[in-house]
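What the coordinates show
Letter by letter, the chains look like this.
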Amino acid sequence: MEFELWYLIVVPLLFAAGWWCRGLDQRQRENEQKPGTYYRGINLLLNDQPDKAIDAFIEVVKLDPETIELHHALGNLFSRRGEFDRAVRIHNHLLNREDLPQEERSLALFELGNDYLKAGIYDRAEESFKRLLKEPKYRLETMRALLKIYCTEKEWESAISMANDLEKQAGENHQAEIGHFYCELASLAIRRKDFDKAVDLLNQARQVDRRSVRALIMLGEIAMKAGNPENALRYWNKVESVNAEFLPLIMTQMAQAYEQLGQHDQAMNLIQRALDDQPSAETVSIALSLIEKTEGVDSARAMLREELKRRPTLWTYEKLAQMRLSANPQDEELKLLTSLLKPYVNNPGRYRCAHCGFQAKGFQWLCPGCSSWGSYSPKRQAE
Ligand SMILES: [Zn+2]
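What you see is a predicted model, and the numbers here were worked out from it, not measured in a lab.

With that out of the way, let us pick up the confidence of the model for the chain. Averaged over every residue, the pLDDT of the chain is 86; residues scoring 70 or more account for 85%. Across the chain, element-level confidence peaks in helix α10 (residues 195–208) with a mean pLDDT of 98 and bottoms out in helix α1 (residues 7–46) with 61.

Written as structure tokens, this is what we have:
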């Protein structure tokens, strides 16, 4: 067979055409695959199989990097599963696209801020949210997220300003929170021994929140430190009129202030008031140690007997038995009785958040569980 020169041209042309057709075929196949994979992903998601759904969606995103909605969905799925680094990568990938419409860009930025917030990378979260403050659609939610960040980062001045802005722009009431922010600033001033500044801040707390028990308690403590029990009692007596439930929290300090002023009757009066109005094992326990210190064991025992008659509890009974035992250490029966009662009365109970139920040994102004302010009842919950 004779070799012809035009073969040399036709063969590469056929080769190129074949290559192109193969590419076309593959693209067609990919386009056909895409909806199928997409629906499979949704189906898996509806069947509560997020792992497999993510795999399917990743496949679609690979086949078509233009799918904006799918990027958002995938980012949210990662975020919900706690895979924040992957969520951040997806949202950053979206933000880096120059053709992204403004609305999609804002949404991606908002989601990115939330990824950082959930991952605990607060400086990046703050940066993302601050870029969104001018977007009317996201402004209020962004402001709330920023307030949360400022509280976590203990940036109380920024928190005050953001909470004030939220009051003005969203019509929300943040008075009690702002009061606590001023109290937090006052605590820092007290730690620096700048008591004048602390008093100033606490007065601001009271201006914002007239019912700020915390500010009153702290003002009393500062007055006491300055050697002015009379002034301290003025603040602490106000606590009782704002919310008498807080009395057990400050009862010991108040009784000490009365004793310093030589007003023992007033101290006893306060103890009786607490026993009458705020009856609890804790109140009796505080009353017991105060009376024992100032009036002696006999008065303390008389008070316990009276309490046992008024409100018979295992706790009071055990305390009375203990006192009897200290007076008669040889009494074997009493020893046995008190040792049997001890396991039932030793636990003083815990303070509990009214919002989320988180329990704490000590009283909290800010719930460590749900970050609510002032959600703890001053009464211990018996276990
Ligand atoms: Zn809580």
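Next comes the rest of the description.
Let's shift gears to the nonpolar core. Formed by 89 residues in total, the largest nonpolar core has its most connected members in Phe-129, Leu-147, Phe-181, Leu-202, Trp-236 and Met-251. Setting aside chain neighbours within four positions, we find Trp-236 in contact with Leu-216, Ile-217, Gly-220, Glu-221, Met-224, Ile-250, Gln-253, Met-254 and Ala-257.

This part is about the packing of aromatic side chains. What the rule picks out here adds up to nine aromatic pairs. Seen in terms of ring centroids, Phe-110 and Phe-129 are 5.9 Å apart; in terms of plane orientation they differ by 65°. Their pairing is edge-to-face. With Phe-110 in helix α5 (residues 102–119) and Phe-129 in helix α6 (residues 122–130), the pair connects residues that are 19 residues apart, well separated along the chain. Here Phe-110 and Phe-129 have matching classes, each one buried. With centroids separated by 4.8 Å and ring planes inclined at 85°, the aromatic side chains of Phe-363 and Trp-365 adopt a geometry described as edge-to-face. Each residue in the set Phe-246, Tyr-351, Phe-363 and Trp-365 is aromatic and connected to the rest through ring pairs, giving one cluster.

Our focus in this paragraph is the coordination of the zinc ion. The reference angle at a metal is 109.5 degrees if four donors form a tetrahedron and 90 or 180 degrees if six donors form an octahedron. Protein ligation of the zinc ion involves Cys-353 (SG), Cys-356 (SG), Cys-367 (SG) and Cys-370 (SG), the donor distances falling in the range 2.2 to 2.3 Å. The motif formed by the donor residues of the zinc ion, counted along the single chain, is C-x2-C-x10-C-x2-C.

Positionally, His-180 belongs in helix α9 (residues 175–191). Once you skip the residues sitting within four places of it in the chain, His-180 turns out to touch Arg-214, Trp-365, Trp-373 and Gly-374.

Moving on, we get to the pattern of salt bridges. Taken as a whole and judged by the stated rule, the model has 13 salt bridges. In this structure, the salt-bridge partner of Glu-282 is Arg-380, at a minimum N-O distance of 3.2 Å. Within this pair, whereas Glu-282 is found in helix α15 (residues 281–295), its partner Arg-380 is found in the segment after β2 (359–360), the two being separated by 98 residues in sequence. For Glu-282, a relative accessible area of 19% translates into the label buried. Between Glu-332 and Lys-335 there is a salt bridge whose closest N-O contact spans 3.6 Å.

Definitions and cut-offs
- Residues numbered from 1 in each chain as written.
- Predicted model: local features only at pLDDT ≥ 70, side-chain atom pairs only at ≥ 80, totals over all residues.
- Heavy atoms only, no water.
- pLDDT = per-residue confidence, 0-100.
- Helix = DSSP H or I, 4+ residues; strand = E, 2+ residues; numbered from the N terminus.
- Core = buried A, V, L, I, M, F, W, Y, C linked by side-chain atoms within 4.5 Å.
- Buried < 20%, exposed > 50% of the residue type's maximum accessible area, 1.4 Å probe, protein only.
- Contact = heavy atoms within 4.5 Å.
- Phe/Tyr/Trp six-rings, centres within 6.5 Å; stacked < 30°, edge-to-face > 60°.
- Donors = N, O, S within 2.8 Å, 3.2 Å for Na, K, Ca; no water.
- Salt bridge = Lys/Arg side-chain N within 4 Å of Asp/Glu carboxyl O.

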